[in-house]
Amino acid sequence: MYPQLSPNMLKTFNECPRKFDFRYLQDIQMPVNDEIFEFGKNIHALASYYLRKENIDKMEKSLSQKEFEVWTYLKSCKYFGYEVINTEYNLALRIGKHFFGGRLDALVKNGDKYYILDYKTGSAPKNAKYDYQTIIYLLCVHAFFKTNDIDFVYIDLKHKEEVTVTFSEDLENEYKKRLLELSDKIDSYSSVQKKQECIKAGNSCTCEYSVICF
C-alpha cells in the first residue's frame, strides 16, 4: 500500500512499470538536467511569492533575459488578478484503497469560479483532459471546496498559450474510474511481471534507467 499516489507516479507507471519500480519502490534517483530544473524552479518560486504579495524586486533583478521574458508573460495573465486561495498547495483525497494527491502551483478564484493554475516551462500536455495532474487536482478541489465550478488551466510558457479543462459530474465519474483501474494495476504488479517485461524490452529502452535495467 502506497501512502499517496501522485500524478508523476501514475504517469511513470503508465510509461513503464519497470521505471516505476526503480524510481518509487527502490528509490533509485537518476541525474536530471540541472539547467532545465533550475529554470522551472525559479519561475515557480517567483509566481508563488508574487501571488502571496511578497516583495520580489531583488529576485526580478537577478533573472536572466529568458527568465524575465517568461515571467513577464506569466504575471500578465488574467488569473494573477483573481483572488488567491493558496499557492504551492498540497491537496489529497481517498478513492478506494488509495490516497491520490499532489501540489497545485496555485488556486485562485473569480466570483464563484475556482481556477487551478499549472505553469509549464516546457509544453502543456497533449491530452490535457486526461493528464493525471488534471484528473487528481480537479477531483481534490471538487472534494475539498464542495463545488463543480472549477477550471484547470495549464499556462504553457513555452508557446505562450493556455489549455483549459472544465470540471463536470461526468468527468468526475470517469476520472474516479480511471484512477481505480490504474491503482489496481499498480497493486497487482509483481516481480514476475518485472522480469518478463525486462526480457521483452531487450536493449531497446533509452530512458535514464536503461543503464541499470538489463
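Let me sum up the structure you'll find in this document.

Quick notes on the rules
- Position labels on residues start from 1 in each chain and follow its written sequence.
- Restriction of local features to residues with pLDDT of at least 70 applies here, the model being predicted, together with a cutoff of 80 or more for giving and counting side-chain atom pairs; totals for whole chains, interfaces and linings are based on all residues.
- Heavy atoms from the whole structure form the basis of all side-chain values; hydrogens and water molecules are not counted.
- By definition, any uninterrupted DSSP run of H or I lasting at least four residues is a helix, any uninterrupted run of E lasting at least two residues is a strand, and each is numbered from the N terminus.
- What qualifies as a polar contact is a pair of N or O atoms within 3.5 Å, subject to a donor-acceptor requirement within protein and to the restriction that residues adjacent in sequence count only when both atoms come from side chains.
- Contacts: residue pairs with any heavy atoms within 4.5 Å of one another.
- Salt bridges are defined as contacts in which a side-chain nitrogen from Lys or Arg sits within 4 Å of a carboxyl oxygen from Asp or Glu.
- Relative accessibility under 20% of the residue-type maximum defines a buried residue, over 50% an exposed one, and the middle range a partly exposed one, all with a 1.4 Å probe and only protein chains included.
- Buried residues of nine kinds, namely Ala, Val, Leu, Ile, Met, Phe, Trp, Tyr and Cys, make up a nonpolar core once their side-chain atoms join them within 4.5 Å.

**A closer look at the side chain of Asp118**
Now for step 1: Here Asp118 is to be found in strand β3 (residues 113-120).
Now for step 2: Among the polar contacts listed, one links the side chain of Asp118 to the side chain of Lys120, at a separation of 3.1 Å.
Now for step 3: Here the side chain of Asp118 touches Gln133 through a polar contact of 3.2 Å, side chain to side chain.
Now for step 4: Apart from residues lying up to four places away in sequence, Asp118 is in contact with Asp105, Gln133, Tyr137, Phe152, Val153, Tyr154 and Ile155.

**Observations concerning the pattern of salt bridges**
Pairs can form between side chains of opposite charge whenever their charged atoms are close.
Now for step 1: Within this structure, the stated rule accounts for 13 salt bridges.
Now for step 2: Asp118 serves as the salt-bridge partner of Lys120, at 3.1 Å between the closest nitrogen and oxygen. Each member of the pair, Lys120 as well as Asp118, carries the same accessibility label: buried.
Now for step 3: Connected through salt bridges with shared partners, the residues Glu15, Lys19, Arg23 and Glu208 form a single ionic network.

**Some thoughts on the nonpolar core**
Now for step 1: Judged by nonpolar contacts, the single largest core of 36 residues is most densely connected at Leu10, Ile116 and Leu179.
Now for step 2: Elements with a minimum of two residues in this core: α1 (7-15), β1 (83-95), β2 (98-110), β3, α6 (132-145), β4 (150-156) and α7 (169-188).
Now for step 3: Here the element with the most residues in this core is α6; it accounts for 8 residues.
Now for step 4: Setting aside residues no more than four positions away along its own chain, Leu179 makes contact with Leu10, Ile95, Phe100, Tyr132, Ile135, Ile136 and Leu139.

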